[in-house]
Amino acid sequence: MKEKIYKKEIRITIIFTVLLLLTGHSASIFVLFPGLQQGTLWGFPIQYIIPILLGWFGIAAVCLAMTLVCNKFDDEMAEYVKTLAPETDTSTENTQK
Amino acid sequence: MPAEYALNNVWIGLGMVIILFAIFYAVGYFSSRKTASDEDFYAAGFSIGPVTNGLGMAATWASLATFLGVIALILRLQVPFVYLWIQWAISIPLLTLLYGTSLRRMKAFTPASFIRQRYGKPSTIVIVCWMILIMIMYALGQMVGLGQAFELLFGVPYNIAIIVAGLATVGFITIGGMYGATYNAAFQMVVMTIAMIVPMGAIMKAMGSSGWWFPPLAYGDMVPDMIKNIPTFFDMKYDFRWYFALIPAFTLGPVALPHLAMKVFTSSSVKSARWAVVWFALFLGLLFSGTYVVGFAGNYFTATTGRIIEKADQTILILNVFYNPTLVAAFVMGGAIAAGLSTIGGNLMAIAGLVGSDLLGIIAPNMESAKKMKWGYAALGLGGLAAVLMAFNPPRFLVTSILWAFGLLATTATPAILLGVWWKEANKLALIISSMVCGIIFIVISPHVLPSICVGSGLVAALGMSGGMVTIPLSFAMFIILSIAFNRMPALKAYAPTLADKKVIDRIHGWGPDYDESRYNGIKWPLIISAVCVAVFIWGLQPW
């Protein structure tokens, strides 16, 4: 089970890192694929308004999903930790330098 | 500045600033009564709820530049600078995801608290010194901006403005500690958002836009006129490398900013910290989109009226003086001041934490909590005083290099934090070498210190984008490769991660007593990352 939780943590972290980078840097996509620089939305050129919208509501949506998924993951981790024997020698003090 | 753009009634401006400062001092005073321990002073007792924290995060991140410098750069660079600015909004979400909540579990006061537990004292001194340098540069830039705002509001000489603004600012931050800084930042975010957005409605109406009712997104009907007057306004202008370089230089730098991380640490819980980030994204998006419309309106103003904005930093005030009543223009300047204050508050609290908690934790580990807190107050006051004194005659290099400093931070501190949290092989000596070597290279190859030795040219070099694209991947690659090598050399065994170091990693990820040596400990993926970093490093070295 712990292997599954570990992989899930890594997967969640990578997915949300990539999503945040894509929403924050979506203008790069329009530079990489100039063919996408066509059309308008609400009167604005698409390559202008989409990065602004993704940089606001897109990031907020990713953060909301991240919060729901990561908080649920924390519960799963806490459930797993509860099944373990009580801690004996890994107190904070033992690891202080 | 032409007289027609000056605030025509100084007393209105003075009244506005007095009211705002009275509120800040009141918040600081009442907050100080809750401060009884170093946990209260540095982390507001780890008790701040998500909405207040989200507002505080947004305010701390939205500096005076949001009102002055960003708009000036949109006026000059137009849309590419909008794209550059958009990506700042992912810094705190990334920080929270990649290490913020992990460090919140260990109740850290600053990221350096983690560095000390993970890497030991010598590494901490290296990282803390870099961070203090960067925080002072950052605070200095804000202080100079505040002086200019006061100068503009009251028509007083800059030196007098900087004394009044500086002392008044340091005063309420020193009084309130992190409780005061956080509650004040939340209030300041509300003030600055209203000041940015609402007056723009009136300005857009006067400019003839039907979208005046929601300035941040409803100015599409002005686009045809803009294209007619400035055909290149919406052009991307630069090649892909320019946009890619934003990631190492500007996205990865703020990830390690201690005053942003401290906003995550003040949360009442790990889950609350994540909710705060959702609010942060919504609040900051609203303010930033307001900034973009002011940049757009500034260009539109110059193109359609034929008037010249000589001091581009003052665009928002000029638009308000031109189109709105004096009271509104004064309130907008009040919003700009609030933006500067919230960032300085975060900067000074970070300096206090770095000195009072992290450095003293090394120099005098047995010092009582109350005494450490007193040193924290002293560091905060001295940091503010240093920024005020330097602001009298600001070195051009320091004032213009806040953005450059993010590249330096990404080079020196970000690898230490990210690899320290996610990789057990991260080695103490490798950290010191990669941080020192790459930090110095970043300084050398930027145009500010040795102009004859420079990677890139013009804006990309001055902002640290071209330097960052070389030294940040180099720092990650060097740290990883040296760690793998050093950990396998018996002569360097003293620097290899101990069992206690590795247990810190499992614990902050929430594994409790369950320690597993193989977790966060592979070398395949770190080597792949190193290879990618080397490729980016070579790409960054190509002439541009």
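Residues numbered from 1 in each chain as written. Chains lettered and ligands numbered in written order. Predicted model: local features only at pLDDT ≥ 70, side-chain atom pairs only at ≥ 80, totals over all residues. Heavy atoms only, no water.

Draft legend 1. Geometry of the nonpolar core. By size, the foremost hydrophobic cluster in this structure holds 225 residues, and its most contacted members are Y48 of chain A together with Y219, F250 and Y292 of chain B. Taken domain by domain, this core gets at least three of its residues from each of domain 1 (10-398) and domain 2 (401-544) of chain B. When residues no more than four places from it in sequence are discounted, the contact partners of Y48 of chain A are V79, V82, Y83, Y219, F234 and Y292 of chain B. (Core = buried A, V, L, I, M, F, W, Y, C linked by side-chain atoms within 4.5 Å. Buried < 20%, exposed > 50% of the residue type's maximum accessible area, 1.4 Å probe, protein only. Domains from an automatic or database assignment. Contact = heavy atoms within 4.5 Å.)

Draft legend 2. Focus on the packing of helix α1 (residues 10-32) of chain B against helix α16 (residues 326-363) of chain B. All names here are of chain B. Following both chains from N to C, one finds α1 and α16 inclined at 40°, their axes separated by 9 Å at the closest point. In the crossing of α1 with α16, the sense of the turn from one axis to the other is right-handed. Here α1 contributes I12, G13, M16, V17, L20, F21 and F24 to the contact with α16, which in turn contributes T326, L327, A330, F331, G334, I337, A338 and L341. Taken together, the residues that form the contact of α1 with α16 break down as twelve nonpolar, three polar and no charged. (Axes fitted to C-alpha atoms, helices over the stretch in contact; angles between N-to-C directions. Helix = DSSP H or I, 4+ residues; strand = E, 2+ residues; numbered from the N terminus. Left-handed = near helix turned anticlockwise from the far one by under 90°. Nonpolar A, V, L, I, M, F, W, Y, C, P; charged D, E, K, R; others polar.)

Draft legend 3. Main features of the confidence of the model for chain A. With 88% of its residues at a pLDDT of at least 70, chain A reaches an overall mean of 89. Here residues 89-97 of chain A is a poorly scored stretch, pLDDT under 50, and it has 20 contacts once near neighbours within four places are set aside; other chains count. (pLDDT = per-residue confidence, 0-100.)

Draft legend 4. Structural context of the interface of chain B and chain A. Contacts between the two partners involve 60 residues from chain B and, on the opposite side, 56 residues from chain A. Each partner contributes to the roughly 5100 Å² buried at the junction of chain B and chain A, and carbon and sulfur atoms together form 71% of this total. When residues of chain B are sorted by the area they lose upon contact with chain A, L97, L217 and W511 of chain B head the list and together hold 13% of the total. For the pair chain B and chain A, the number of links is five salt bridges. Close ionic contact of R105 of chain B with D74 of chain A constitutes a salt bridge, the shortest N to O distance being 3.1 Å. Taken together, the connections running from chain B to chain A amount to 13 residue pairs in polar contact (both at pLDDT 80 or more). Looking at the side of chain B that touches chain A, the elements that each hand over two or more residues are α5 (79-86), α6 (91-105), α7 (111-119), α11 (240-244), α12 (246-255), α14 (270-305) and α24 (499-508) of chain B. Per-element tally for the side of chain B that touches chain A: the top contributor is α14 of chain B, with twelve residues. (Buried area = accessible area lost by both parts, 1.4 Å probe. Salt bridge = Lys/Arg side-chain N within 4 Å of Asp/Glu carboxyl O. Polar contact = N/O pair within 3.5 Å; in protein donor to acceptor, adjacent residues only side chain to side chain.)

Draft legend 5. A look at the domain arrangement of chain B. All names here are of chain B. Domain boundaries assigned for chain B yield domain 1 (10-398) and domain 2 (401-544). For domain 1 versus domain 2, the distance between C-alpha centres works out to 27 Å. Contacts between the two partners involve 47 residues from domain 1, matched on the other side by 58 residues from domain 2. Where domain 1 touches domain 2, the interface holds 14 residue pairs in polar contact (both at pLDDT 80 or more). Of all the secondary-structure elements, those providing two or more residues to the side of domain 1 that touches domain 2 are α6, α7, α8 (121-154), α11, α12 and α18 (396-399). Among the elements that line the side of domain 1 that touches domain 2, the one with the most residues is α8, at twelve residues. For the side of domain 1 that touches domain 2, the per-class residue count stands at 38 nonpolar, six polar and three charged.

Draft legend 6. The arrangement of the pattern of salt bridges in detail. All names here are of chain B. Across all of its chains, the model carries 13 salt bridges over all chains by this definition. Across the pair E517 and K502 runs a salt bridge whose closest N-O atoms are separated by 2.8 Å. Taken together, the positions of E517 in the loop between α24 and α25 (524-541) and K502 in helix α24 put the pair 15 residues apart, joining distant regions of the chain. Given the relative accessible area of 15%, K502 is considered buried.

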